[in-house]
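Here is what each chain is made of, one letter per residue.
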Amino acid sequence: MKKSITLFCLMLIVNFTFAQKTDIKIIDSLKLELKKATKDTVKINILNELSRKNFYSNPMEGMRYGEIALNLATKIKWKKGMAIANNHIGICHWVTANHLKSISYFQNSLSNYQDLKDQEGIADAYNHLGSLHLEIKKYKAAFFYFHQAYKIDRLSLNKTQIGNDLTGIGDAFFRLDNYAKALGFYKNAKENYHSDYNFDGVGVRYINMGKAYASQKKYAKAIENYNKALDNLTKKELTYYVGNANLELAKAYYNLAMEDKSAKAKNLNLSLQYAN
């Protein structure tokens, strides 16, 4: 198991390093474009993109660019630029685990999008607020925000966004140990991703479903879902989630071995195979 986790971490480091190098080139290019920009709206767009590109590699820098964009957009009263800047600053605070500040910026972004009557932006802000309230264990608020996002997204027929909203509701039920309810929402989310040919979404939902079954000690069903996850995730070579599915399979086979003594050796062997 330790060997598998080590390899999994190494794969993540390699992928992150490659993505980081790519982002650095883009950031350098954006900085050059910013120096040449003369229109305020163009500057704001570039600043917001610089903020976005720093979300995970340097969130403090992302906040700085976002605040400059927000100040300039506020000065010229450009609501769209304000909405995007508030959203990006909110994400940067989310990454640094400053949940209260993140919520404040997402609420500001929601207000901006509501003024613009931008339904896609409103739904996105609701989804972010749902995810944040889920993290701080405010489940009643999380349900409210995810449902608000879902009510908008289901009218747009954006199957991936519908899947995201349903997943959030499923996650809330999972955190409350209501695994049967969580499964229902994960299955519905999976169908929406599937109709949008979103195979990574389908694969990750199968992992969620597997975890819900495993939490009920239904290890055979968990294994079935983890294998379905791998079938979908390998189509796009999604290393992180493939590694996650393999680790969950290793745990499920181990638990099955402890539960079913008649097949203990076989299941322990399978557990080791997936762990390695």
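About the thresholds
Residues numbered from 1 in each chain as written. Predicted model: local features only at pLDDT ≥ 70, side-chain atom pairs only at ≥ 80, totals over all residues. Heavy atoms only, no water. Helix = DSSP H or I, 4+ residues; strand = E, 2+ residues; numbered from the N terminus. Contact = heavy atoms within 4.5 Å. Areas by Shrake-Rupley, 256 points an atom, 1.4 Å probe, with all protein chains shown as cover. Lys, Arg positive; Asp, Glu negative; His and termini not counted. Charge placed at Lys NZ, Arg CZ, Asp CG, Glu CD. Core = buried A, V, L, I, M, F, W, Y, C linked by side-chain atoms within 4.5 Å. Buried < 20%, exposed > 50% of the residue type's maximum accessible area, 1.4 Å probe, protein only. Phe/Tyr/Trp six-rings, centres within 6.5 Å; stacked < 30°, edge-to-face > 60°. Axes fitted to C-alpha atoms, helices over the stretch in contact; angles between N-to-C directions. Parallel < 35°, antiparallel > 145°, perpendicular 65-115°, else oblique. Left-handed = near helix turned anticlockwise from the far one by under 90°. Nonpolar A, V, L, I, M, F, W, Y, C, P; charged D, E, K, R; others polar. Polar contact = N/O pair within 3.5 Å; in protein donor to acceptor, adjacent residues only side chain to side chain. pLDDT = per-residue confidence, 0-100.

1. Looking at the overall build of the chain
Within the chain, the regular secondary structure consists of 13 helices and 0 strands. Reading the helices (α) and strands (β) of the chain from amino to carboxyl end gives α-α-α-α-α-α-α-α-α-α-α-α-α. Seen along its three principal axes, the alpha-carbon backbone of the chain occupies a region of about 75 × 40 × 30 Å. Long-range contacts, defined here as pairs at least 24 residues apart, represent 52% of the contacts in the chain between residues at least 6 apart. For the chain, the computed accessible surface area is about 14,800 Å², with 55% contributed by carbon and sulfur atoms. Of the charged side chains in the chain, 40 are positive and 25 negative; the average position of the first set lies 3 Å away from that of the second.

2. Looking at the nonpolar core
Counting 37 residues, the largest nonpolar core has Leu134, Phe143, Ile207, Ile223, Tyr226, Leu233 and Leu249 as its most contacted members. Mapped onto this core, the elements with two or more residues apiece are helix 7 (139–156), helix 8 (159–175), helix 9 (179–195), helix 10 (199–215), helix 11 (219–233) and helix 12 (239–259). In this structure, Ile223 is in contact with Leu249, Ala252, Tyr253 and Leu256, ignoring residues within four places of it in sequence. Grouped together as the second largest cluster of nonpolar side chains are 19 residues, Phe55, Ile103, Phe106 and Ala123 included.

3. Considerations on the environment of Ser195
Tracing the backbone through its elements, the reader meets Ser195 in helix 9. Taking the C-alpha atoms as reference points, Ser195 and Asn269, 74 residues apart in sequence, are found 37 Å from one another.

4. Overview of the packing of aromatic side chains
Per the stated rule, a full pass over the model turns up 9 aromatic pairs. Measuring from centroid to centroid gives 5.8 Å for Tyr253 and Tyr274, while their planes differ by 5°, and the two rings are stacked. In this pair, Tyr253 is assigned in helix 12 and Tyr274 in helix 13 (residues 264–275), connecting sequence segments 21 residues apart. You can call Tyr274 partly exposed: its relative accessible area is 23%. Ring pairs connect the aromatic residues Tyr126, Phe144 and Tyr145, which therefore count as one cluster.

5. Digging into the packing of helix 7 against helix 8
Packing of helix 7 against helix 8 leaves a shortest axis separation of 9 Å and a crossing angle of 160°. Between helix 7 and helix 8, the angle falls in the class roughly antiparallel. In terms of crossing hand, the pair formed by helix 7 and helix 8 is left-handed. In this structure, helix 7 uses Tyr139, Phe143, Phe146, His147, Ala149, Tyr150, Asp153 and Arg154 to contact helix 8, whose residues at the interface are Gln161, Ile162, Asp165, Leu166, Gly168, Ile169, Ala172, Phe173 and Arg175. Considered class by class, the residues forming the contact of helix 7 with helix 8 number 10 nonpolar, 3 polar and 4 charged.

6. Details of the packing of helix 8 against helix 9
In contact at an axis separation of 8 Å, helix 8 and helix 9 are set at 165° when each is read in the N-to-C sense. Looking at the two axes, helix 8 sits roughly antiparallel to helix 9. As helix 8 packs across helix 9, the resulting crossing turns out to be left-handed. Contacts from Lys159, Thr160, Ile162, Gly163, Asn164, Leu166, Thr167, Ile169, Gly170, Asp171, Phe173 and Phe174 in helix 8 reach Tyr179, Lys181, Ala182, Phe185, Tyr186, Asn188, Ala189, Asn192, Tyr193 and Ser195 in helix 9. In terms of residue class, the contact of helix 8 with helix 9 is built from 11 nonpolar, 8 polar and 3 charged.

7. A look at the environment of Val242
Within the element layout of this structure, Val242 appears in helix 12. For Val242, a relative accessible area of 18% translates into the label buried. Placed 39 residues apart in sequence, Val242 and Gly203 show a C-alpha to C-alpha distance of 8.9 Å. Discounting residues that sit within four places of it in the chain, Val242 has contacts with Leu230, Leu233 and Thr234.

8. A look at the side chain of Asn127
Note that Asn127 resides in helix 6 (residues 119–135). Side chain to side chain, Asn127 and Asp165 meet in a polar contact 2.7 Å long. With sequence-adjacent residues up to four places away left out, Asn127 is seen in contact with Phe146, Ala149, Asn164 and Asp165.

9. Quick look at the confidence of the model for the chain
Per-chain confidence: the chain averages 92 in pLDDT, with 92% of residues scoring 70 or above. In the model, residues 1–18 has pLDDT below 50 throughout and makes 19 contacts with residues more than four positions away in sequence or in other chains.

10. Describing unusual backbone geometry
In this model, Leu157 sits at a positive phi of 65°, which is unusual for a non-glycine residue. Within the secondary structure layout, Leu157 lies in the loop between helix 7 and helix 8. Given a relative accessible area of 63%, Leu157 falls into the exposed group. If you check the backbone angles, Lys217 has positive phi at about 65° while not being a glycine. You can see Lys217 is positioned in the loop between helix 10 and helix 11.

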